[in-house]
Amino acid sequence: MVDRQRARFFDLRLDDLRERGAIVHMLSRSGASYGYHGYEAGHAERRVAEEALQHFKAVSERLRTDLEKGLWQRLVIGCHSSNWPEFEPHLHPYVKQRLIGRFSADVASVTDEEVRKHADTLLREWIEERGHSKAEEAISFAKANGRGVTGLRRVLRALETGEVQSLFLAENYSARAVECKHCGHLDAHIVSACVACGRKTRELNDVCDAIIPIAIRSDIELFCVKQHSELDRAGNIAALLRFRADQNRAGNIAAAS
Ligand SMILES: [Zn+2]
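It should be emphasised that the depicted structure is a prediction, and the values quoted were computed from it without experimental measurement.

Caption draft 1: The overall build of the protein, seen in detail. From N to C terminus, the protein includes 9 helices and 11 strands. In terms of C-alpha radius of gyration, the protein reaches 26 Å, well past the compact-globule figure of 18 Å for 257 residues. Each principal axis of the C-alpha distribution contributes one length, and for the protein these read about 90 × 50 × 35 Å. Within the protein, the proportion of its 257 residues that are buried is 38%. Contacts in the protein between residues far apart in sequence, at least 24 positions, make up 68% of those at least 6 positions apart. Carbon and sulfur atoms make up 49% of the accessible area of the protein, which amounts to about 15400 Å² in all. Of the charged side chains in the protein, 38 are positive and 37 negative, and the gap between their average positions amounts to 5 Å.

Structural data, given as structure tokens:
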């Protein structure tokens with residue numbers, strides 16, 4: 001939350017909001033004493049503008065250093081529309097890259113509940129939008145035989161080879177599969193013997209019960225995507241890959257020839 005003299009910093013993690021410090025820029029005496037002569041009034045105004053500028057720079061700097069310390073990942077700014085054009089140019093480019101939205105509210109009077117609600121709404125919208133566009137990217141990469149795969153069989157294979165960066169599941173996605181208790185192999189084909197080790201497999205009513213924990217363990221960004229017709233056509237499951245194991249060698253050969 002920021003205005004021309006104040007800034008308050010909040011952390012939002014899941015639904016938990018905590019205030020983490022503030023910057024209050026007191027107007028210096030000379031800045032606050034408005035003269036009654038035209039010259040002095042103009043001078044005082046410039047002084048106030050200069051102090052607001054210094055304040056905005058200090059707030060931007062704090063955001064940058066906190067980001068470098070790993071204190072936050074994504075940013076939502078609460079700021080009156082009239083202050084925004086003054087503040088925005090001071091944001092460091094990589095802080096700005098992490099800005100997901102802005103809302104208008106008064107720094108001094110805003111309640112924690114309002115901050116939480118605004119930030120939460122913007123975050124949800126951002127995640128939904130990001131899931132949508134990234135899923136589209138994965139699908140088009142898959143079509144071009146690049147860093148994307150679609151359909152359960154290929155997604156499972158990519159999970160096993162550690163290629164998956166982001167995973168997209170259509171809302172309410174569910175599919176049957178088998179799991180090998182011995183080696184952990186997951187198969188979209190309902191086979192009784194594991195193709196990897198030959199042991200007996202166990203049938204899963206919903207493959208999500210197996211792949212969601214894998215995604216969490218492997219730090220894979222997981223999206224539940226609503227109403228995405230392309231994902232629907234692509235089998236309701238897709239993944240964006242960090243690399244493509246089967247193409248590294250082929251790609252090098254192609255590049256060398
Ligand atoms: Zn096995």
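Caption draft 2: Geometry of the coordination of the zinc ion. All of the protein donors around the zinc ion are Cys180 (SG), Cys183 (SG), Cys194 (SG) and Cys197 (SG); their distances to the metal are 2.2 to 2.4 Å. Each of the 4 donor atoms bound to the zinc ion contributes to angles spanning 99 to 120°, and the resulting shape is tetrahedral. Along the chain, the residues that donate to the zinc ion are spaced as C-x2-C-x10-C-x2-C. Highlighted residues: Cys180 in strand S7 (residues 177–180) and Cys197 in the loop between strand S8 (186–187) and strand S9 (201–204), separated in sequence by 17 residues. Of the residues examined, Cys180 reaches a relative accessible area of 1% and is grouped as buried.

Caption draft 3: Region of the structure containing the sheet that holds strand S11 (residues 237–241). Taken together, the 4 strands give an open sheet; going across it, the order is S5-S11-S6-S10, and neighbouring strands pair in mixed fashion. Here the strands that pair on one side only, and so sit at the sheet edges, are strand S5 (148–150) and strand S10 (221–225). Here the average twist between neighbouring strands, direction ignored, is 15°. Contacting S5, strand S6 (164–170) and S11, helix H6 (residues 152–160) runs over the sheet at an angle of about 135° to S5. Sheet contacts for helix H7 (residues 208–217): S6, S10 and S11; angle to S6, the most-contacted strand, approximately 145°.

Caption draft 4: Summary view of H6. Of all the positions in H6, only Leu152, Val155, Leu156, Ala158 and Leu159 are classed as buried. In a view along the axis of H6, the buried residues occupy a sector of 160°, so they form one face of it. On its buried face, H6 sits against S5, S6, S8, H7 and S11. Phi turns positive, to about 70°, at Gly162, one or two residues after H6.

Caption draft 5: Spotlight on the packing of aromatic side chains. By the definition in use, this model includes 3 aromatic pairs. Measuring from centroid to centroid gives 5.4 Å for Phe168 and Phe223, while their planes differ by 10°, and the two rings are stacked. Of this pair, Phe168 sits in strand S6 while Phe223 sits in strand S10, and the two are 55 residues apart along the sequence. Each member of the pair Phe168 and Phe223 is classed as buried. Grouping aromatic residues by their ring pairs yields a cluster made of Phe56, Trp84 and Phe87. The ring centre of Phe9 lies 4.1 Å from the NZ or CZ of Arg62, which sits over that ring.

Caption draft 6: Structural context of the sheet that holds S9. Overall, antiparallel pairing links the 3 strands, which are arranged S8-S7-S9 in an open sheet. Of all the strands in the sheet, the pair left with one neighbour each is S8 and S9. Two elements, S7 and S9, share 4 bridges in a ladder whose sense is antiparallel. Of the residues in S9, the one forming a bridge with Cys180 is Thr201.

Caption draft 7: Representation of the pattern of salt bridges. Under the definition given, this model contains 18 salt bridges. Of the charged contacts, one joins Arg8 and Glu19 as a salt bridge, the two residues approaching to 2.8 Å between their closest N and O atoms. Of the two residues, Arg8 sits in strand S1 (residues 6–13) while Glu19 sits in strand S2 (residues 16–24), which places them 11 residues apart along the sequence. As a salt-bridge pair, Arg18 and Asp16 come within 3.1 Å of each other at their nearest N and O atoms. Three or more residues are tied together by salt bridges with common partners; here these are Asp11, Arg20, Arg62, Asp66 and Lys69.

What counts, and where the lines are drawn
Within each chain, residues carry numbers counting from 1 in the order of the written sequence. Where totals are concerned, whole chains, interfaces and linings use all residues; where local detail is concerned, this predicted model gives features only for residues with pLDDT of at least 70, and gives and counts side-chain atom pairs only at 80 or more. With hydrogens and water stripped out, all remaining heavy atoms of the structure feed into the side-chain values. A run of H or I in DSSP counts as a helix once it spans at least four residues, and a run of E counts as a strand once it spans at least two, with each numbered from the N terminus. Only C-alpha atoms enter the radius of gyration, while the globule expectation follows 2.2 Å times N to the 0.38, with N the number of residues. Only protein chains enter the accessibility calculation, which uses a 1.4 Å probe; a residue whose area is less than 20% of its type maximum is buried, one above 50% is exposed, and one in between is partly exposed. In what follows, residue pairs with any heavy atoms lying within 4.5 Å of each other are defined as contacts. Under the convention used here, a 1.4 Å probe and the Shrake-Rupley method define accessible areas, while residue burial counts only the protein chains that appear. When charges are counted, neither His nor the chain ends are considered; positive counts come from Lys and Arg and negative counts from Asp and Glu. By convention, the charge on Lys lies at NZ, on Arg at CZ, on Asp at CG and on Glu at CD. Counted as coordinating are nitrogen, oxygen and sulfur atoms within 2.8 Å of the metal, or 3.2 Å for Na, K and Ca, while water is not included, which may make sites look incomplete. Tetrahedral means four donors with every angle between 85 and 135 degrees, whereas square planar (four donors) and octahedral (six donors) require angles over 155 degrees between opposite donors and between 65 and 115 for all others; sites fitting neither are termed irregular. Note on pairing: DSSP must find at least two bridges between two strands before they are called paired. Axis geometry follows a simple rule: fit a line to the C-alpha atoms, using only the stretch in contact for helices, then measure angles between N-to-C directions, giving values from 0 to 180 degrees. The directions from the helix axis to the C-beta atoms are what the arc is built from. Two rings belonging to Phe, Tyr or Trp (six-membered ring only in the last case) form a pair when the distance between their centres is within 6.5 Å. Interplanar angles under 30 degrees mark stacking, angles over 60 mark edge-to-face geometry, and anything in between is tilted. Whether a charge sits over a ring depends on NZ of Lys or CZ of Arg being within 6 Å of the ring centre and within 35 degrees of the ring normal. By salt bridge we mean one thing: a side-chain nitrogen of Lys or Arg within 4 Å of a carboxyl oxygen of Asp or Glu.

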